[in-house]
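Now for the letters of each chain:
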Amino acid sequence: MFIDGAWTEARSGRTFPVVNPATGEEIGRVPDGGADDAIDAIAAADGAFPAWSSTTAHHRADILLEAWRLMSDRADELAELMTSEQGKPLRASRFEVGYGADFIRWFAEEARRLTGEWLPSARADQRFLTIRQPVGVVAMITPWNYPMSMLTRKMAPALAAGCTLVLKPAEATPLCARAIFDIFTEAGVPPGVINLVTAQDPAPIGDAFTSDPRVRKLTFTGSTAVGRLLAAKAGQSLQRVSVELGGHAPFIVYPDADPLNAAKGAAALKFLNAGQACISPNRLYVHRNAADAFVDTLTKRVSGLVTGDGMEDGVGVGPLVDDAAVAKVAAQVDDARDKGAEVPVGGHRLTGADLGDDRLDRGFFYAPTVLTGVSEDMTVYREETFGPVAPVVIYDDVDEVIALANDTHYGLAAYVYTESLKTALSAFEALDFAIVGINDVNPTSASVPFGGMKDSGLGREGGHEGLDEYLEIKTAGISLR
Ligand code: ADP
């Protein structure tokens, strides 16, 4: 762990293993921190806050730019670490390193624009002035599916704003977190400003974060269930809260869309990170006129995907995070099959027998899968899958498809394929989702806001808005009398 500028063991002396999900092999051990370690880390962040928040934004921006440069220079070694710890194919890991570094550069630039406003008053003898100041110590809890970019997306704006922080990474990916902390430290972030607590049992750490009055903000990315729990606890302490949670993205193919292009987009998007992304499409609504061509192309593309250890050339889909994830995907597919869905490709756990050797036996692999004939009574229609399964729902009435798409508690990402500008913009306005891809499968960037509506979360990360999450606004009324 990294507390007050030093790499430390847990107070308990305990450690826990980190496992490669493609091979089941232990690739390292990290300290198993507890509430006492989290409190030490909060104290360090609290102690470092006065000095760090008093540095100029230009100084902080220079440190962030150095971190961006270091992260970019180390892209290859960081990608290899990510693939061995998280499983995604090496190419996808390199892409994530670039995406993660982008947040650092973006917020380095935004730091210099930390301005206030001069506001008129209704009174002739009064003026108003606003300034934006760092909220204070920020507690961060991050997930394993994007084990570097989800850290930089929170750490870079917090540091740009002048906040200090304590971060608890997911128990599956602490080594990636360590590498990111090395980068910020080498770039010149002073002791105590960033603190890392690793733990196998996250609950005591979450309790320490949400009950400590020195923590002024909690930012979390993960499941809706845990986000709701933590937001409630943070609410009791009146900490500011950002939570980026689950999704259940609709992917709508209108009758005027090019079905081949839409199917290629769906195949590329759905199997990214083996489907373990909160913006992954979970319901593919395809108009009946486009259905045959769409399903045919999708099935062919999915049949051609190579699943395996992300370190190997040509592998497009890596393992799932653990056995429980494979079991959850298998249960959803079996439920759909029992209720009448067809499975043109995939639909089973992948083992060595599928390849004729034992390479897949120790990892957590599920075959890339297409389901057709999916209906509302199936679990996959309602619950986030977080796996490589593309459920296709055929619809007839274009006037009803938005209501079908919106019929979920989630509100993160949605996708629309159409050749009509009017259809695209109407759908964009009517969809209750905060991120909409229009004939586009990557509607994200460091420079635009990302976040969810409804049960998908509170707050935005990235863009100008991502910095505001770490700032208090203060107003001065000034009398000229
Ligand atoms: P997933 O199901 O994708 O693993 P989680 O929401 O369980 O998502 O995990 C996201 C992050 O939340 C991880 O860092 C995990 O350790 C943490 N976490 C899970 N449960 C708790 C909890 N009760 N208190 C604090 N953090 C938690």
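Presented here is a report on the structure given in the accompanying data block. (Residues numbered from 1 in each chain as written. Predicted model: local features only at pLDDT ≥ 70, side-chain atom pairs only at ≥ 80, totals over all residues. Heavy atoms only, no water.)

### Considering the layout of surface pockets
Approximately 160 Å³ is the volume found for the second largest pocket. Around the second largest pocket sit 14 residues that line it, and Leu305, Thr307, Leu350, Ala367 and Pro368 are the ones nearest its centre. The set of elements that each furnish at least two residues to the lining of the second largest pocket consists of α10 (288-303) and α12 (352-355). Among the residues forming the lining of the second largest pocket, the class breakdown is nine nonpolar, four polar and one charged. (1 Å grid on protein atoms, 1.4 Å probe; cavity = no way out; pocket = protein on both sides within 12 Å on 5 of 7 lines; lining within 4 Å. Points joined across faces, edges and corners; volume = space filled by probe spheres on them. Helix = DSSP H or I, 4+ residues; strand = E, 2+ residues; numbered from the N terminus. Nonpolar A, V, L, I, M, F, W, Y, C, P; charged D, E, K, R; others polar.)

### Side note on the sheet that holds strand β22 (residues 471-479)
Hydrogen bonds between backbone groups are what pair the strands of a sheet, and the pairing can be parallel or antiparallel. A sheet is described by the order of its strands in space; here three strands give the open sequence β5-β6-β22, paired in antiparallel fashion. In the strand order of this sheet, the two ends are held by β5 (117-120) and β22, each with one partner. Neighbour-to-neighbour, the strand axes of the sheet open up by a mean angle of 25°, direction not taken into account. Strand direction decides the pairing type here: strand β6 (residues 126-134) and β22, joined by nine bridges, are antiparallel. Counterpart to Gln133 in the pairing with β22 is Glu472. (Pairing = 2+ DSSP bridges. Axes fitted to C-alpha atoms, helices over the stretch in contact; angles between N-to-C directions.)

### Overview of the environment of Ala367
Within the secondary structure, Ala367 is located in the loop between α12 and β15 (369-372). Each C-alpha atom of the pair Ala367 and Ser54 lies 53 Å from the other, and the pair is 313 residues apart in sequence. Once residues within four sequence positions are removed from consideration, Ala367 is found in contact with Gly346, Gly347, His348, Leu350 and Pro388. (Contact = heavy atoms within 4.5 Å.)

### Some details on the packing of helix α4 (residues 90-111) against helix α5 (residues 149-161)
In contact at an axis separation of 8 Å, α4 and α5 are set at 10° when each is read in the N-to-C sense. One finds that α4 runs roughly parallel with respect to α5. Here α4 contributes Glu96, Tyr99, Gly100, Phe103, Ile104, Phe107 and Ala111 to the contact with α5, which in turn contributes Ser149, Thr152, Arg153, Ala156, Pro157 and Ala160. Its residues placed into classes, the contact of α4 with α5 shows eight nonpolar, three polar and two charged. (Parallel < 35°, antiparallel > 145°, perpendicular 65-115°, else oblique.)

### Some details on the packing of aromatic side chains
As enumerated under the stated definition, the model contains seven aromatic pairs in all. Ring centres of Phe2 and Trp7 lie 4.8 Å apart, and the angle between their planes is 45°; this geometry places the pair in the tilted category. By relative accessible area, Phe2 is classed as buried at 4%. Judged by centre distance (6.3 Å) and plane angle (85°), the rings of Tyr285 and Tyr381 are edge-to-face. With Tyr285 in strand β13 (residues 281-287) and Tyr381 in helix α13 (residues 379-382), this residue pair connects regions lying 96 residues apart in the sequence. Comparing Tyr285 with Tyr381, the two get one shared label, buried. Feature note: the residues Phe2, Trp7 and Phe181 constitute an aromatic cluster, connected by ring pairs. (Phe/Tyr/Trp six-rings, centres within 6.5 Å; stacked < 30°, edge-to-face > 60°. Buried < 20%, exposed > 50% of the residue type's maximum accessible area, 1.4 Å probe, protein only.)

Shape is all these values report; function is a separate question.
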